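Observations on the three-dimensional arrangement
What follows is the residue order along each chain.
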Amino acid sequence: MATGPALVSILRQGPYLIASIHTALDDSQLIRFQKDLIDQIGRYRSRGVIIDVAALDVLDSFGSRTLRNIAEMARLRGALTVIVGIQPDVAFAMVSLGMGTGSVHAALDLEEGLEYLDSRLPAKDVGRAVSAPG
Amino acid sequence: MNQEHTLTDAVAADFPTLDRQDEHQLLPQLVAHLRQHRTKLRQEWATRIHDAHLLDAMTPQEMSTETTSVYDNYVEVLETGSVEALQHYARDLSERIIPRGVETHEVVGIVLLLRDVLARSLFEKYQRDFSLLNRVLDAYEPAANRIANTVAVSFVDERERVIRQQQDAIKELSTPVLPVRERLLILPIIGVLDSERAKQLTEQLLTGIRTHRAKVVVIDITGAPDVDETVANHLVQTVDASRLMGASVIITGLSPEIAQTLVTIGVDLSKMNTIGDLQGGLEEAERLLGYTVARRDGSGG
Amino acid sequence: MVRRIVRARVADHPAADDLVQETLVRVLGAAERVEPGMLEPYAIVTARHVVASMWKEQDRQRRNQHRVADLRLPDAPDEDLLQGEDRAAVAQALKHLSERERRTLLAHELHGQDTRSLADELGSTAGAVAAQLNRTRARLRVEYLLALEHTEPFSDRCRPVLIALSSGDRRRQREVDAGRHLLECDLCARLSHPLLARGQSRDDELRIPIRADADVVLARQGVRELAARVGFSGTDLTVIATAVSEVSRNIVRFADAGEVVVELLKEPRPGVRIVARDTGPGIPDVERALTDGFSTYHGLGLGLPGARRLMDEFAVVSEVARGTTVTMTKWCQEG
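All of these numbers come straight from a predicted model, not from anything done at the bench.

1. Quick look at the overall build of chain C
If you tally the helices and strands in chain C, you get 16 helices and five strands. Here chain C holds 335 residues, and the buried ones make up 37% of them. Long-range pairs, those at least 24 residues apart, make up 66% of the contacts in chain C between residues at least 6 apart in sequence.

In structure tokens, the structure reads:
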């Protein structure tokens, strides 16, 4: 990964991609993360994307915007995105800043995120996509 | 008659010159007199309470019951010298009348009235023997004052206890995130929401969502008297922030008037899940939770 | 070379507050009784002495020590160079002192005359004399540094700014807009280092230069750390960090250079003030920039209005072609 393993990791799990941000990212790192993630969604024809932002110290306008962009681009490539791990104080700051949730779905943590994707995607995708042509 | 001695000693301490021998005979005499004229004296007392507009919060029926009890307790203290029973009664009475808004001055007022009614009756009875009257009053007054004191203190104690209890309840209410069942929280908003408190509530709710892993939150605003633009904006923010933590929010207790106000000031209610009352909100919450489970079961199998 | 020496001598030792001033004063004082040829070595020795004593002694004690100079000559070649530079700098700086300033300073620092008796002689008050002494010391430090750099200020704004920094007078610094001048003037930015480092280093202030994306992260982490000390809640710390993130990003996007200064407040209650200033193109229409949805880059147009919502107080001053200063404050919740 171009951003290096220390900052973010993107793991493939069946039809899903699980992207974890491990530390505070600056804007250019966020943009690289976005590019890498979108590339991998295309490469693996992922049906669902979980972005774990638990380690982010803030989600300001740019960070929120980037997450929305990723979700939108993922949607255009046929993948559903869920953001997990937003901390209570970060959520508070985001809404105080004026950032709504938009259309991006958020879940409490990884487990919840997986459950959400499972519930939203047709069973055949979830159950068989691992061996699906790709 | 040990108890009588107690009272006598107490009185003697206050009036060291009093003749102890006299005293022994006087109090039983006095008590007998008050028992004998119980109905008339109690009635007179009740009338004076009424005239003084005290205890207006009580019905005539209640008045009759309570004044009888107070009267009997009163005489009993004079007889036994022990205020213990009176104390219990006074606390019990206070507990019953404090929620009805009875004030300290009313309680003190009625006890002083009783003291005066009885003193007057003693005056009438003994007015022909002036020195005897003096000795009777010497025996009666300290005991009567002690009774008034006991009742007043009991009332105030009880009042303070109630206030403390209410304060604790309010304190609890300021952290009112109630886990109702698994994955479901209720946040009843009670009282005036200023910005500071709204912020606190939101913080507590968000922390609660994480602690209880809540998926649905019911915010009940039945107890919020005014929902103005500021409060509405806080509500919207709280809903959004909860969503960011993966929890859906249902708002209950939104009256048609308040809904109208919100629409007028430009709050987009369509973005909010609102349900008339708390019961309906809880049902909807259960449905959401059940729905989620059903879908997962369906897709997982 | 010169800068290295200045740093080695002044900036690296925050306690070396009065190094320059003390040296000058002692040399000046001695000029009346030391042989002309001995003046320079005397200056060097005195300087070293003053430095050494500063590390060891408290202010007031220090003032009355070292009346007698140790006139041993230095031996290391590096020190010789230093001597030469110091010598020239001393001579240069002297020219900028008025006769009256010099006399008063000497009487106080060297002869130990207190401000009260000085005030009596000068027909002034002790407080006014003390203030005058402080200003004189501040000027001495500035002139000494300018002399060491072998330069004269580029503009007539430089001296007032440097003297304000040297005196540590924050009100005066704001009046002359010192922060902005340091962004615009390389010379003063350089000279400000030893001036700002002198004296007690402030642990309730943080200055973060903003040039690149990574600095935005540094700024929000820095403000979070500092603000935590006055008792902000975790949520408030995140709120403040988010606001700092927004205003710092604006600097990176729109300006070549800028800085974020974080200052802890105690009055009227605990809080934090953040000043973000840049030397960018400025905002032609501040009102509009504070309107939601107005954005000139790929943000959400939430930068400034968002930061304003997050903070308790918020002000933007902008001048086209010169830059923008955002000042914002957050107060601690009571209780």
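There is more to say, and it comes next.
2. Overview of the overall build of chain B
Secondary structure assignment for chain B yields eleven helices and five strands. Across the 301 residues of chain B, 32% fall into the buried class. Counted over contacts in chain B with a minimum sequence separation of 6, partners at least 24 positions apart contribute 77%.

3. Things to note about the pairing of strand E5 (residues 323-331) of chain C
Along any regular strand the residues' side chains alternate between the sheet's two faces. All names here are of chain C. Bridging between strand E3 (residues 271-278) and E5 involves seven bridges; their strand directions are antiparallel. When the sheet's bridge partners are listed, alanine 276 is paired in E5 with valine 326. Here seven bridges tie strand E4 (residues 313-319) to E5, and the two strands are oriented antiparallel to one another. Considered in E5, the bridge of valine 317 is made with threonine 325. Taking the residues that link successive antiparallel strands as the turn, the E4-E5 hairpin has three residues, and the phi of alanine 321 there is positive, at about 75°.

4. Section: the environment of alanine 19 of chain A
Residues and elements named next belong to chain A. One can find alanine 19 in strand E2 (residues 16-21). Taking the C-alpha atoms as reference points, alanine 19 and isoleucine 51, 32 residues apart in sequence, are found 4.8 Å from one another. Setting aside anything within four residues of it in sequence, one finds alanine 19 in contact with Val8, Ile10, Leu37, Val49, Ile50, Ile51 and Asp52.

5. Here's the deal with the packing of helix H3 (residues 88-97) of chain A against helix H16 (residues 303-310) of chain C
Each pair of packed helices can be summarised by the angle the axes make with each other and by the distance between the axes. Closest axis-to-axis distance for the H3 of chain A/H16 of chain C pair is 8 Å, and the angle between their directions is 120°. Here H3 of chain A is positioned oblique relative to H16 of chain C, judged by the angle of their axes. Along the contact surface, H3 of chain A presents Ala93, Ser96 and Leu97 of chain A, while H16 of chain C presents Gly306, Arg309 and Leu310 of chain C.

6. Focus on the interface of chain A and chain C
Taken together, the 18 residues of chain A in the interface contact 23 residues of chain C. Only helix H1 (27-44), helix H2 (61-76) and H3 of chain A provide two or more residues apiece to the side of chain A that touches chain C. It is H3 of chain A that provides the largest number of residues to the side of chain A that touches chain C, a total of six residues. Across the side of chain A that touches chain C, the residue classes break down as eight nonpolar, four polar and six charged.

7. Here we look at H2 of chain A
Residues that lie three or four places apart on an α-helix share one face, since the helix turns once every 3.6 residues. Between its first and last C-alpha, H2 of chain A extends 22 Å over 16 residues, near the 22 Å set by a 1.5 Å rise per residue. Among the residues making up H2 of chain A, those that are buried are Ser61, Phe62, Gly63, Ser64, Leu67, Ile70, Ala71 and Ala74 of chain A. Packing partners of the buried residues in H2 of chain A comprise H1, strand E3 (48-52), strand E4 (80-84) and H3 of chain A together with helix H14 (234-254) and H16 of chain C. Phi for glycine 78 of chain A, located one or two positions after H2 of chain A, is positive at around 85°.

8. Quick word on the confidence of the model for chain B
Per-residue pLDDT for chain B averages 81, and the proportion of residues at 70 or more is 86%. Ignoring residues within four places in sequence, the model shows residues 1-20 of chain B, a span with pLDDT below 50, making 22 contacts including any to other chains.

9. Some thoughts on unusual backbone geometry
In the segment running from glutamate 267 of chain C into proline 268 of chain C, the intervening peptide bond is cis, with an omega of -5°. Looking at the element boundaries, proline 268 of chain C is found in the loop between strand E2 (258-265) and E3. Notably, histidine 53 of chain B is not glycine yet its phi reads approximately 55°, a positive angle. Relative to the assigned elements, histidine 53 of chain B resides in the loop between helix H3 (38-51) and helix H4 (60-80). Take histidine 53 of chain B: there are 9 C-beta atoms within 10 Å of it, and that puts it in the exposed class. Positive phi, close to 65°, is recorded for arginine 183 of chain B, a residue that is not glycine. Tracing the sequence through the fold places arginine 183 of chain B in the loop between strand E1 (178-181) and strand E2 (184-188).

10. Some thoughts on the sheet that holds strand E5 (residues 105-107) of chain A
Residues and elements named next belong to chain A. Pairing in this open sheet of five strands is mixed, and the strands run E1-E2-E3-E4-E5 from one edge to the other. Whereas interior strands pair on both sides, the edge strands pair on one side only; in this sheet they are strand E1 (8-13) and E5. Strand-to-strand, the axes of this sheet are offset by a mean angle of 25°, without reference to chain direction. Summarising the sheet, E1 and E2 pair through six bridges and their orientation is antiparallel. Looking at E2, one finds that valine 8 is bridged to isoleucine 21.

11. Some words on the confidence of the model for chain C
Residue and element names in this part refer to chain C. Summary statistics for chain C give a mean pLDDT of 73 and a share of 66% for residues scoring 70 or more. Residue range residues 1-18 is modelled with pLDDT below 50. Its contacts to residues more than four positions away, or to other chains, number 34 contacts. In the predicted structure, residues 32-39 sits below a pLDDT of 50 and forms five contacts with residues beyond four places in sequence or in another chain. Complex prediction metrics read pTM 0.61 and ipTM 0.87.

12. Some points on the pairing of E2 of chain B
Residues and elements named next belong to chain B. Counting buried positions along E2 yields four of five residues, so the element is predominantly enclosed. The antiparallel hairpin formed by E1 and E2 contains two residues in its connecting segment, where arginine 183 sits at a positive phi of about 65°. Here E2 runs beside strand E3 (residues 216-220); their pairing, made up of five bridges, is parallel. Bridged to leucine 184 within E3 is valine 216.

13. Thoughts on H16 of chain C
Counting buried positions over the eight residues of H16 of chain C gives seven, a clear majority of the element. In this structure, the buried residues of H16 of chain C make contact with H2 and H3 of chain A together with H14, helix H15 (286-289), E4 and E5 of chain C.

14. Some remarks on the nonpolar core
Across soluble globular proteins, you tend to see nonpolar side chains buried next to one another. Core analysis: the biggest nonpolar cluster contains 105 residues, and Ala91 of chain A, Val217 and Met245 of chain B together with Ile240 of chain C have the highest contact counts within it. The element contributing the most residues to this core is H14 of chain C, with nine residues. With residues up to four places along the chain from it excluded, the contact list for methionine 245 of chain B reads Ile86, Pro88, Ala91, Ala106 and Leu108 of chain A together with Leu206, Ile209 and Arg210 of chain B. Membership of the second largest hydrophobic core comes to 38 residues, among which are Trp45, Ile49, Tyr74 and Leu118 of chain B.

Criteria and thresholds
- Residues numbered from 1 in each chain as written.
- Chains lettered and ligands numbered in written order.
- Predicted model: local features only at pLDDT ≥ 70, side-chain atom pairs only at ≥ 80, totals over all residues.
- Helix = DSSP H or I, 4+ residues; strand = E, 2+ residues; numbered from the N terminus.
- Buried ≥ 20, exposed ≤ 12 C-beta atoms within 10 Å, placed from the backbone.
- Contact = placed C-beta atoms within 7 Å.
- Pairing = 2+ DSSP bridges.
- Axes fitted to C-alpha atoms, helices over the stretch in contact; angles between N-to-C directions.
- Parallel < 35°, antiparallel > 145°, perpendicular 65-115°, else oblique.
- Nonpolar A, V, L, I, M, F, W, Y, C, P; charged D, E, K, R; others polar.
- Expected span 1.5 Å × (residues − 1).
- pLDDT = per-residue confidence, 0-100.
- Core = buried A, V, L, I, M, F, W, Y, C linked by C-beta atoms within 7 Å.

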